[in-house]
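This is what each chain is made of:
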Amino acid sequence: MANKTRLLKMLSEDSPTMRYRVSGEDRQRQLIEAAIDVIGSKGLSRTTLADIAKKAGLAYGHISFRFKTKESLLLAALRAVTDEYVAVRDAAVALEDRPAAERLRLMIEAGFQRNIASKKKIALWHAFLSECHTRPAYMKLFSEIRKAEYGRARKICDELLSEGTDSALDPHVAALGINSLVEGLWFNMRLKPGAIDSTEALVIANAFLAAIYPDRARFFISR
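Residues numbered from 1 in each chain as written. Predicted model: local features only at pLDDT ≥ 70, side-chain atom pairs only at ≥ 80, totals over all residues. Heavy atoms only, no water.

Engineer: I'm lost on the overall build of the protein in this one. Help?
Structural biologist: Along the backbone of the protein there are 10 helices and 0 strands. Of the regular secondary structure in the protein, the N- to C-terminal order runs α-α-α-α-α-α-α-α-α-α. Each of the 223 residues in the protein was classed as buried or not, and the buried ones make up 44%. In the protein, the proportion of contacts linking residues at least 24 apart, taken out of those at least 6 apart, comes to 67%. When the accessible surface of the protein is totalled, it reaches about 12000 Å², and 57% of it is carbon and sulfur. (Helix = DSSP H or I, 4+ residues; strand = E, 2+ residues; numbered from the N terminus. Buried < 20%, exposed > 50% of the residue type's maximum accessible area, 1.4 Å probe, protein only. Contact = heavy atoms within 4.5 Å. Areas by Shrake-Rupley, 256 points an atom, 1.4 Å probe, with all protein chains shown as cover.)

This is the structure we're talking about:
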């Protein structure tokens, strides 16, 4: 009981003016955002809880109070980034009143929004991907995302086929290729020197979509 009292006291000492205005959920979000920033800058292996606490501007005790382990905080950071990415792409696909080709373009554009495809967030994705072979929790999450990504793209490609598009690609091949294209462009956005930015990546993606679906090219070019 005494230890818990001391911990609660310590948690309240980092910012007296915010003591009564910041909720536990706010603190948790601060730590997750700080973890995203630190992992994106330093990678997983070099990220420490002290780095995250410092970046968040919170006492170290907040981490052990809000998250039981370092791993749970890291996984929360990954889920925050992936959930954000999935949400914007789902929103684009859900616009049922729009033509399939337009929704495909909007889905791709969503993945290159600056707040989604920032260098640090892309670096975080790749940091976790590189650890999938040793971390079952990471592998499980990315497998779920890949499955959802395929289903989302396949749905639109099937719609385009049913509309009578003259694409030479089977919807299965098109869906896999489109998702692989996005992943490849994300990877290239990290490379230096010669890294491409999100604007150029989107131009490239739309050029390929226009080539895959030439009779729907008007939805992808001159934007």
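Engineer: Hey, could you run me through the packing of helix α8 (residues 136–162) against helix α9 (residues 171–188) in this one?
Structural biologist: When two helices pack together, their arrangement is given by the angle between the helix axes and the distance between those axes. At a minimum axis separation of 8 Å, α8 and α9 run at an interaxial angle of 130 degrees. Considering the angle they form, α8 stands oblique to α9. For α8 against α9, the interelement crossing comes out right-handed. From α8, R146, E149, Y150, A153, R154, C157, D158 and L161 reach across to α9, where they touch P171, H172, A174, A175, L176, I178, N179 and E183. (Axes fitted to C-alpha atoms, helices over the stretch in contact; angles between N-to-C directions. Parallel < 35°, antiparallel > 145°, perpendicular 65-115°, else oblique. Left-handed = near helix turned anticlockwise from the far one by under 90°.)

Engineer: Would you take a moment to explain helix α10 (residues 198–212) for this structure?
Structural biologist: Two residues of an α-helix separated by three or four positions point the same way, owing to the 3.6 residues in each turn. Taking 1.5 Å per residue as the helical rise, α10 with its 15 residues ought to reach 21 Å, and the 21 Å between its terminal C-alpha atoms agrees with that figure. Among the residues making up α10, those that are buried are S198, A201, L202, A205, N206, L209, A210 and I212. (Expected span 1.5 Å × (residues − 1).)

Engineer: Looking at this structure, I do not really get the pattern of salt bridges. What am I missing?
Structural biologist: Note on pairing: side chains with opposite charge can pair once their charged atoms come close. Per the counting criterion, the structure on display carries 20 salt bridges. Put simply, R29 and E33 hold a salt bridge, and the shortest N to O gap is 3.1 Å. Within this pair, R29 and its partner E33 are both found in helix α2 (residues 24–42), separated by 4 residues, close to a single helical turn. You can call R29 partly exposed: its relative accessible area is 39%. According to the relative accessible area criterion, E33 is partly exposed, its value standing at 44%. Of the charged contacts, one joins E144 and K140 as a salt bridge, the two residues approaching to 2.6 Å between their closest N and O atoms. (Salt bridge = Lys/Arg side-chain N within 4 Å of Asp/Glu carboxyl O.)

Engineer: Sorry if this is basic, but what is going on with the side chain of R89 here?
Structural biologist: Of note, R89 is situated in helix α5 (residues 70–93). At 3.0 Å, the side chain of R89 and the side chain of E149 are in polar contact. With sequence-adjacent residues up to four places away left out, R89 is seen in contact with M107, I108, A110, G111, E149, R152, N179 and V182. (Polar contact = N/O pair within 3.5 Å; in protein donor to acceptor, adjacent residues only side chain to side chain.)

Engineer: How do you make sense of α9 when you look at a structure like this?
Structural biologist: End to end, α9 covers 26 Å across 18 residues, agreeing with the expected 26 Å (1.5 Å per residue, within 8%). Listed in full, the buried residues belonging to α9 are P171, A174, A175, I178, N179, L181, V182, L185 and W186. Along α9, the residues classed as buried sweep out an arc of 150 degrees about the axis, all on the same side. Summarising the contacts, the buried residues of α9 are in contact with α5, α6 (100–110), α7 (119–129), α8 and α10. Where α9 begins, the capping side chain belongs to D170, and its oxygen is found 2.8 Å from the backbone nitrogen of H172. (Arc of directions from axis to C-beta.)

Engineer: Hey, could you run me through the packing of α6 against α8 in this one?
Structural biologist: Running from amino to carboxyl end, α6 crosses α8 at an angle of 155 degrees, the nearest separation of the two axes being 9 Å. Taken together, the axes of α6 and α8 lie roughly antiparallel to each other. When the axes of α6 and α8 are compared, the crossing they make is left-handed. Residues A100, A101, R103, L104 and M107 of α6 lie in contact with α8, whose contacting residues are R152, A153, K155, I156, E159 and L160. Broken down by class, the residue content of the contact of α6 with α8 amounts to 7 nonpolar, no polar and 4 charged. (Nonpolar A, V, L, I, M, F, W, Y, C, P; charged D, E, K, R; others polar.)

Engineer: What is the right way to read the confidence of the model for the protein from this model?
Structural biologist: Reading fine detail from the predicted coordinates is not recommended where pLDDT is low. Per-residue confidence for the protein gives a mean pLDDT of 85; residues scoring 70 or more make up 87%. Of all secondary-structure elements in the protein, the lowest mean pLDDT belongs to helix α1 (residues 2–12), at 45, while α6 reaches the highest, 94. Confidence drops under a pLDDT of 50 for residues 1–20, and excluding neighbours within four residues, the segment shows 16 contacts in the predicted structure. (pLDDT = per-residue confidence, 0-100.)

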